[in-house]
Structure formats: C-alpha cells, structure tokens
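Read off the chains here:
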Amino acid sequence: MDTERKSSPRRTIAILSRGDAAARREATSKSGRFVEVLEALAAVGVDGHPAIYDEGFADAVREQLLAVDGVLVWVNPIQDGRNRAGLDALLREVAAQGVWVSAHPDVILKMGTKEVLYRTRSMGWGSDTALYQTAEAMHAELPPRLAAGPRVIKRNRGNGGQGVWKVEKLPNSSMIKVLDATKDTPEELTLDDFLRRCAEYFENGSVIDQAFQPRLSEGVVRCYMAGDHCAGFGHHKVKALVDSPAARSEAGPRLYSSNADPRFQRLRRLMEDEWTPQLTSLLEIARGDLPAIWDADFMLGPVQADGSDSYVLGEINVSSVHPYPTEAPAEIARRVADRLQLKL
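Per chain, the residues get numbers from 1 upward, laid out in the order the sequence is written. In view of the model being predicted, local features appear only for residues whose pLDDT reaches at least 70, and side-chain atom pairs are presented and counted only at 80 or more, with totals across whole chains, interfaces and linings using the full set of residues. No hydrogens and no water enter the side-chain calculation; it runs on all heavy atoms of the structure.

(A) Structural view of the environment of Arg 222. Only DSSP runs of H or I covering at least 4 residues are called helices, and only runs of E covering at least 2 are called strands; the numbering of each starts at the N terminus. Among the structural elements, Arg 222 can be located in strand 11 (residues 220-226). Among the residues examined, Arg 222 registers a relative accessible area of 13% and is labelled buried. When the C-alpha atoms of Arg 222 and Phe 194 are compared, they prove to be 30 Å apart, with 28 residues separating the residues in sequence. Between two residues, a contact is recorded if the distance between any of their heavy atoms is within 4.5 Å. Beyond its immediate stretch of four places on either side in the chain, Arg 222 contacts Gly 232, Phe 233, Gly 234, Arg 254, Asp 295, Ala 296, Asp 297, Glu 315 and Asn 317. Polar contacts here mean pairs of N or O atoms no more than 3.5 Å apart (in protein, one a potential hydrogen donor and the other a potential acceptor; neighbouring residues in sequence count only if both atoms are side-chain atoms). Side-chain polar atoms of Arg 222 contact the side chain of Asp 295, separated by 3.4 Å. Using a 1.4 Å probe on the protein chains alone, a residue whose accessible area is under 20% of its type maximum counts as buried, one over 50% counts as exposed, and one in between counts as partly exposed.

Below you can see the structure in the form of structure tokens.
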C-alpha cells in the first residue's frame, strides 16, 4: 500500500498598505518596510506578497485579495487627507468570501478607536473617562469636569496625535488653556472657541474625555501584542501634551525591547492573563479575531501601596502598527500560521 503523503499547499498572505500606482508596480517581497514580516512568514511555511492599495485601483486589489488565504492590513485611519471608508468596505467584502482579514474593520471599530477607553473604563487599566456623543453634551458636561482638574480630549478616530488636546481651566478667568498634541505651545481661548474647533469630530463619531495623568512626563510604555501574546515593548518620554520645557527637553525616540524585558513583566502578565481576556469578553471579540499585531499605550498611574506602578490605558492602535520590536515579526508569523491552520 502506498503510504506516501502529499504535502499540503502553502498558505498565502497579502500584506496591504497604501501607495500609488508606481509603488504597486514596483512592490516586491524583497523590499519595503515589511521585509522582516515576509521573511518570518516564509519561515513558518506561509507565502507573503505585498498588496499596494489606492481607491483608484481598488478593483485590482480586490482580485488580488480574493486569491489569497488572508490579508494583513497596515493603513492609517486618516492618511494624506483620505480615510478608510472605501478600503473597509472592500475588506468586509473579501472577508465575507472567506479571506481572513487582520485587523477586520469590525474589530477595529470595537478596539481600535478611542471609544475603547470609555467602554473599558471599569477594567484595571481604566481611568476617569467620559464619552460625548454630541457637541451639546460636551458643552454641558466638560466645564464641571474641568473644575476638578485638567482633561484630555480625544477624537474617536485619528492617528499621530490628530484631534488630541490637553484642556485646563485658568484660575480666576473665563478662559481655558489648550495644548494640541501636535504642537509645542499652548493657547488661551474661550471654551466656546475650543468647542467650535472640536465640532467636526462629531461628524463621523464621538469624543472621549479623560482625566489628565500627571505622570505623563515620566514616559509612555507601549505593549505590542500578537493576538493574545505579548510581542515586545516600546518605551519613550514624550513631548505631546507635556507643558514643562524641562520635561519636553527629555523627550526622545521610542526604545524597543523584547517581551522578556524585566522592567515590564508585571505589565506583560496583566496584558496576557487578565486584560486581554477581559477586553475580548467585554467587547465580544473572538480570540481568533484578535489582530495579528496591535498595541496598547500606557501612562503611569498612581503608585500602589506596594510601591509598584499602576498603568492607565491611553489608546489602542490596531490599524497600522509600525514600527515594532525586532522580535515582533516572528510573533506575527506564528499568529498568522495558527490562524490559517483553522482554515484547513
């Protein structure tokens, strides 16, 4: 009897990012910012191919995606003045035909917008957080919160600090001080003037209001996750929303480390053992639908009774997580291989 077993065909993944027609023509698996991911995929038996997207040739991209087993997506919510409306519709279409999409647009809406800060405010990473669905609600509810201390206002969808502000009431004045996360110096203006600046945020979403964390100048820890496993860390001191010139002068680039970094093992245990399971349960996300790569940014909260740091979630990034620790591509590849195994 012939016991020889035929090898199963290799699975295929498209790595999708935004670009023009020239970038699409010139894209290869040996060039670009995802070479390490493509190499890691090959090492686990998955063939990866670049897929450059633009609304102008969406039909060609659709055909490309329908011919693969899965697609990893790296496209910002807002980029070069364009949003993801057309792309998300395309991704939903190919996913409905059996292509695994990471991150699926519906998963992004659950965990990759600022609204996740409000929906998970009762978790261990939560803080004093409010949600404004309308400009009228923000006008009514923000002033009493400002009376208690500085707040951070965030539009529901954005990246690169767009639509993020530190807002505080000036003593003995009807004016407020606001600091745009993308700017270096604050402004003084009336609350009504600030609300007019925020009006456009309600056209396609809501606004999140968090208590300002006074330890922000000590730095932000970014925990990278591949599905429900930690894929490494990044730590840096930031300029965004920091008033003090001395503290701003200490800001520097994000420094990456592996998931074995001894400084962050407590955070790793919290993310893997408690917070990610709580997140998926609270938001009704199946474990298998967690993105192949995502990250959570944490500010330092109050020091606990035992002297350890607490962590306050500032945002979750899902749409376009890059760059990342050098160990992350291997974690991404393992996540992809495990997920595609479910399709066999």
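(B) Region of interest: the confidence of the model for the protein chain. Per-residue confidence for the protein chain gives a mean pLDDT of 93; residues scoring 70 or more make up 97%. Values of pLDDT, ranging from 0 to 100, describe the predictor's confidence in every residue of the model. The spread of mean pLDDT over the elements of the protein chain runs between helix 9 (residues 245-249), the lowest at 85, and strand 13 (residues 255-257), the highest at 98. Every residue in residues 1-7 scores below 50 in pLDDT, and together they form zero contacts with partners more than four places removed in sequence or on other chains.

(C) Quick look at the packing of aromatic side chains. Aromatic pairing here means that ring centres of Phe, Tyr or Trp (its six-membered ring) are within 6.5 Å. Orientation follows from the plane angle: under 30 degrees is stacked, over 60 is edge-to-face, and everything else is tilted. Across all of its chains, the model carries eight aromatic pairs by this definition. A centroid spacing of 4.5 Å and a plane angle of 35° characterise the contact between Phe 34 and Trp 74, whose relative ring orientation is tilted. Remark: Trp 74 occurs in strand 3 (residues 70-74) and Phe 34 occurs in the loop between helix 1 (21-26) and helix 2 (35-43); sequence separation between them is 40 residues. A residue is classified by how much of its surface remains accessible, and Trp 74, at 2% relative accessible area, is buried.

(D) Region of the structure containing the nonpolar core. By size, the foremost hydrophobic cluster in this structure holds 32 residues, and its most contacted members are Met 111, Met 271, Phe 298 and Ile 316. For this core, the secondary-structure elements that each account for two or more residues are helix 5 (105-111), helix 6 (115-119), strand 11, strand 12 (229-236), helix 10 (265-283), strand 14 (294-303) and strand 15 (309-317). Here this core takes six residues from helix 10, the largest share from any one element. Among the nonpolar cores identified, the runner-up in size contains 23 residues, and Val 37, Tyr 224, Ala 292 and Ala 328 belong to it. Among the buried residues, those of types Ala, Val, Leu, Ile, Met, Phe, Trp, Tyr and Cys that are joined through side-chain atoms within 4.5 Å form a nonpolar core.

(E) Summary view of the packing of helix 7 (residues 135-148) against helix 8 (residues 191-198). Axis definition: a line fitted to C-alpha atoms, over the contacting stretch in the case of helices. Angles run 0 to 180 degrees between N-to-C directions. Relative to each other, helix 7 and helix 8 sit at 130°, their axes nearing to 11 Å. One finds that helix 7 runs oblique with respect to helix 8. By crossing handedness, the relation of helix 7 to helix 8 is classed as right-handed. Between helix 7 and helix 8, the residues in contact are Met 138, His 139, Leu 142 and Pro 143 and Leu 191, Asp 192, Phe 194, Leu 195 and Cys 198, respectively. Amino acids outside the nonpolar list (Ala, Val, Leu, Ile, Met, Phe, Trp, Tyr, Cys, Pro) and the charged list (Asp, Glu, Lys, Arg) are all regarded as polar, and Gly is one of them. Partitioned by chemical class, the residues of the contact of helix 7 with helix 8 number seven nonpolar, one polar and one charged. Throughout this description, any angle smaller than 35 degrees is read as roughly parallel, any larger than 145 degrees as roughly antiparallel, any in the 65 to 115 degree range as roughly perpendicular, and the remainder as oblique. Helix crossings get a hand from a simple test, with the near helix turned counterclockwise from the far one by less than a right angle marking a left-handed crossing and a clockwise turn marking a right-handed one.

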